[in-house]
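The residues making up each chain are set out below.
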Amino acid sequence: MPGFLFSFFLAVLLSSTFFFPVGGRAEGWKGRRRVLSAAAGSSIAYIFIILMPEIEKAGAAFRQEGVQFLPQQGTYMVNAAMMLGFVFSYALGEIMPARENPDRPRRYKGGFWVQVAGYGAYIALIGYLLLHSISGEEQISRFYALSMFLHFLLIAFAFRDAHGEDYDRIGCFILSGACIAGWFLGSLVNLPRVILIPLFGFVCGGMVSVTGRVELPKGEEGRAVPFISGALGYALFLILFS
């Protein structure tokens, strides 16, 4: 597990992601869109190369540690947590239209706060897990931090694309603060592994949902070559150095 100060540095780095100039349709958009596509591919690589094997191992550990109170259901708990993470992120994404529109009904303005609250909690969870690895290995935690940095780029893009000025005025500050708050909570509270393991599954499901919503449905806006290059390149990096 990374040292206390180093983990704080990672939390600050992750929180800064929400201020990066992603989203919108300003000059230089095409170049930034390629970066986002590569980040989406890298997120997918992390899920399949690092997180899924870790969760598979964790699932076996969960079944052993949870056998006293979940003798049968524990077999499915980690996979169920992944599904809940996917559904949670998908539901939040469906609250708002895909594009900022100043003429949208007032009810969508309320939806902005629902999304900020939901993703704020999700980001706080990711910040919490910076201090708590399933395996306890420092290297795995560093890969986790790097992959979450790329993941946060996608979340920032989705927010700025949908909310524009609302995100720039206050949303980015709330999401950034949520990451630091989650890290701070992680420094104070140590959850038992029987709870910690499903939380990693929940994050995994959320990553798949965000990546699919931001990258895959975009048609001509997506960038296939950067996406594939990001996935294959980052997968190779993880295999060589993990």
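Keep in mind that what you see is a predicted model, and the values were worked out from it rather than measured.

1. Remarks on the overall build of the protein
Tallying secondary structure elements over the protein gives 8 helices and 0 strands in all. For the protein, the N- to C-terminal ordering of α and β elements is α-α-α-α-α-α-α-α. In the protein, which comprises 242 residues, the share counted as buried stands at 51%. As displayed, the protein offers around 11,600 Å² of accessible surface, 67% of which is attributable to carbon and sulfur atoms.

2. Notes on helix H7 (residues 193-214)
Owing to its 3.6 residues per turn, the α-helix aligns residues three or four sequence positions apart on the same side. Taking 1.5 Å of rise per residue, the 22 residues of H7 would be expected to cover 32 Å, and the 31 Å separating its terminal C-alpha atoms lies within 8% of that figure. In terms of burial, H7 is largely enclosed, as 17 of its 22 residues are buried.

3. Some words on the nonpolar core
Counting 61 residues, the largest nonpolar core has Phe18, Tyr46, Tyr122, Ile123 and Ile155 as the members making the most contacts within it. Listing elements by their share of this core, those giving two or more residues are helix H1 (4-16), helix H2 (29-65), helix H3 (74-93), helix H4 (106-129), helix H5 (138-163), helix H6 (165-188), H7 and helix H8 (224-241). If we skip the residues at most four places from it in the chain, tyrosine 46 touches Leu51, Phe143, Tyr144, Ser147, Met148, Met207, Tyr234 and Leu238.

4. Quick word on the pattern of salt bridges
This structure, assessed with the given rule, holds 2 salt bridges. Across the salt bridge formed by arginine 160 and aspartate 168, the nearest N and O atoms sit 2.8 Å from each other. According to the relative accessible area criterion, arginine 160 is buried, its value standing at 13%. For aspartate 168, a relative accessible area of 38% corresponds to the partly exposed category. Between arginine 169 and aspartate 166 there is a salt bridge whose closest N-O contact spans 3.0 Å. Note that arginine 169 and aspartate 166 are positioned in helix H6 at a spacing of 3 residues, about one turn of the helix. Arginine 169 gets classed as exposed once you look at its relative accessible area, which sits at 54%. Among the residues examined, aspartate 166 registers a relative accessible area of 12% and is labelled buried.

5. A short note on the confidence of the model for the protein
Looking at the protein, the pLDDT average stands at 80 and 77% of residues meet or exceed 70. The spread of mean pLDDT over the elements of the protein runs between H2, the lowest at 77, and H6, the highest at 94.

6. Examining the packing of aromatic side chains
By the definition in use, this model includes 14 aromatic pairs. Relative to phenylalanine 149, the ring of phenylalanine 20 has its centre 5.7 Å away and its plane inclined at 75°; by these criteria the two rings are edge-to-face. Placement of the pair is phenylalanine 20 in the loop between H1 and H2 and phenylalanine 149 in helix H5, with a sequence separation of 129 residues. Relative accessible area serves as the criterion here: at 29%, phenylalanine 20 is assigned to the partly exposed category. A residue is classified by how much of its surface remains accessible, and phenylalanine 149, at 17% relative accessible area, is buried.

What counts and what doesn't
- Residue numbering note: each chain is counted from 1, following its sequence as written.
- With the structure being a predicted model, the display of local features is reserved for residues of pLDDT at least 70 and the display and counting of side-chain atom pairs for 80 or more, all residues being used for whole-chain, interface and lining totals.
- For the side-chain quantities, the full set of heavy atoms in the structure was used; hydrogens and water were omitted.
- Where helices and strands are cited, they refer to DSSP runs of H or I of at least four residues and of E of at least two residues respectively, numbered from the N terminus.
- Relative accessibility decides the category of a residue: with a 1.4 Å probe and only protein chains considered, values under 20% of the type maximum give buried, values over 50% give exposed, and everything between is partly exposed.
- For the accessible areas, the method is Shrake-Rupley and the probe is 1.4 Å, while residue cover comes only from the protein chains on display.
- What a helix is expected to span follows from its residue count: subtract one and scale by 1.5 Å.
- Remark: nonpolar core denotes a set of buried residues (Ala, Val, Leu, Ile, Met, Phe, Trp, Tyr, Cys) joined through side-chain atoms within 4.5 Å.
- Contacts are assigned to residue pairs that have any heavy atoms within 4.5 Å of one another.
- A side-chain nitrogen of Lys or Arg and a carboxyl oxygen of Asp or Glu constitute a salt bridge if their distance falls within 4 Å.
- Scored from 0 to 100, pLDDT records how confident the predictor is in each individual residue.
- Aromatic rings from Phe, Tyr and Trp, with only the six-membered ring used for Trp, were paired whenever their centres fell within 6.5 Å, and each pair was classed as stacked if the ring planes differed by under 30 degrees, edge-to-face if by over 60, and tilted otherwise.

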